[in-house]
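Chain by chain, the residues run as shown.
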Amino acid sequence: MMQTVSFYDTLFEPWHRAIRLSGLMRDAAQVVNVRSRLIAEAAANPSKGDYAELGLMIPEKATAFSKAAIALSAEMSVFQASLMGSWTEMMGFGLRARLPTSAEAHQMAIRTSAALACASNVGDKALIPIAKAARANARRLK
């Protein structure tokens, strides 16, 4: 499905993305610090280790990264469909051996803009499950 991209979105989305990524980095750093301490404590005194928390580390990462891979695959499918739509449209003009009208060129520009916007956002949805897991862990481990 073709989506319209506003000038505002084009201008400010990189800044919004940077803010979201900095939040993810902050949460991940907090979780790594706390869990590193828990690992060191368990290594120093195995009988007092927090094995419930240590046991969550691998399964929750596997879950978050599996969800991220699924989201990335879905977004890549949308992006590829958008590119194929543009390619089909351009090939149609070539087969008709004529230049597009101004209205057709405008539609092609809109489709190309949507494809480029889709390409720039492919990774965003993949980061959502990872960011949710990091945020939830950061809150829980405070």
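Predicted, not measured: the structure shown is a model, and the values here were computed from it. (Residues numbered from 1 in each chain as written. Predicted model: local features only at pLDDT ≥ 70, side-chain atom pairs only at ≥ 80, totals over all residues. Heavy atoms only, no water.)

Draft legend 1. Main features of the overall build of the protein chain. The number of helices and strands found in the protein chain is four helices and zero strands. In terms of overall dimensions, the protein chain has C-alpha extents of about 80 × 25 × 15 Å along its principal axes. Every one of the 142 residues in the protein chain was classed for burial, and the buried ones make up 27%. Excluding contacts between residues fewer than 6 apart, the proportion of contacts in the protein chain whose partners are at least 24 apart in sequence is 76%. For the protein chain, the exposed area adds up to about 9,700 Å²; of that, 69% sits on carbon and sulfur atoms. Positive and negative side-chain charges of the protein chain, numbering 17 and 11 respectively, have mean locations separated by a distance of 3 Å. (Helix = DSSP H or I, 4+ residues; strand = E, 2+ residues; numbered from the N terminus. Buried < 20%, exposed > 50% of the residue type's maximum accessible area, 1.4 Å probe, protein only. Contact = heavy atoms within 4.5 Å. Areas by Shrake-Rupley, 256 points an atom, 1.4 Å probe, with all protein chains shown as cover. Lys, Arg positive; Asp, Glu negative; His and termini not counted. Charge placed at Lys NZ, Arg CZ, Asp CG, Glu CD.)

Draft legend 2. Focus on unusual backbone geometry. Here Ala97, not a glycine, exhibits a phi torsion of approximately 55°, which is positive. Mapped onto the elements, Ala97 comes out in the loop between α3 (57-96) and α4 (102-140).

Draft legend 3. Structural view of the confidence of the model for the protein chain. Per-residue confidence for the protein chain averages 88 on the pLDDT scale, and 95% of its residues sit at or above 70. Taking the mean pLDDT of every element in the protein chain, the minimum, 87, falls on α4 and the maximum, 92, on helix α2 (residues 51-54). (pLDDT = per-residue confidence, 0-100.)

Draft legend 4. How the structure looks around a positive patch on the surface. Positive charge collects at one region of the surface, where Lys67, Lys132, Arg135, Arg139 and Lys142 lie side by side. Top element by residues in the positive patch is α4. It accounts for three residues. Note on placement: Arg139 falls in helix α4. (Patch = residues over 30% accessible without salt bridge, like charges linked within 9 Å, V, L, I, M, F, W, Y side chains within 5 Å. Salt bridge = Lys/Arg side-chain N within 4 Å of Asp/Glu carboxyl O.)

Draft legend 5. Quick look at the pattern of salt bridges. Within this structure, the stated rule accounts for ten salt bridges. Residue Arg37 is joined to Glu41 by a salt bridge in which the shortest nitrogen-to-oxygen separation is 3.1 Å. Of this pair, Arg37 and Glu41 both sit in helix α1 (residues 7-44), four residues apart, roughly one helical turn. A residue is classified by how much of its surface remains accessible, and Glu41, at 40% relative accessible area, is partly exposed. When salt bridges that share partners are traced, they join Arg35, Glu53, Glu60 and Arg140 into one network.

Draft legend 6. Expanded view of the side chain of Ser86. Structurally, Ser86 can be placed in helix α3. Apart from the residues within four sequence positions on either side, Ser86 is in contact with Arg111 and Thr112.

Draft legend 7. Quick look at the nonpolar core. One finds Val31, Val34, Leu38, Ala42, Leu54, Met57, Ala138 and Leu141 forming the largest nonpolar core, which totals eight residues. For this core, the element with the highest residue contribution is α1, accounting for four residues. If you look at the next biggest cluster of nonpolar residues, it comprises seven residues, including Leu24, Ala126, Ile130 and Ala134. (Core = buried A, V, L, I, M, F, W, Y, C linked by side-chain atoms within 4.5 Å.)

Draft legend 8. Summary view of the environment of Ala69. Relative to the helices and strands, Ala69 resides in helix α3. Taking relative accessible area as the criterion, Ala69 reaches 46% and is therefore assigned partly exposed. Separated by twelve residues in the primary sequence, Ala69 and Met57 have C-alpha atoms spaced 18 Å apart.

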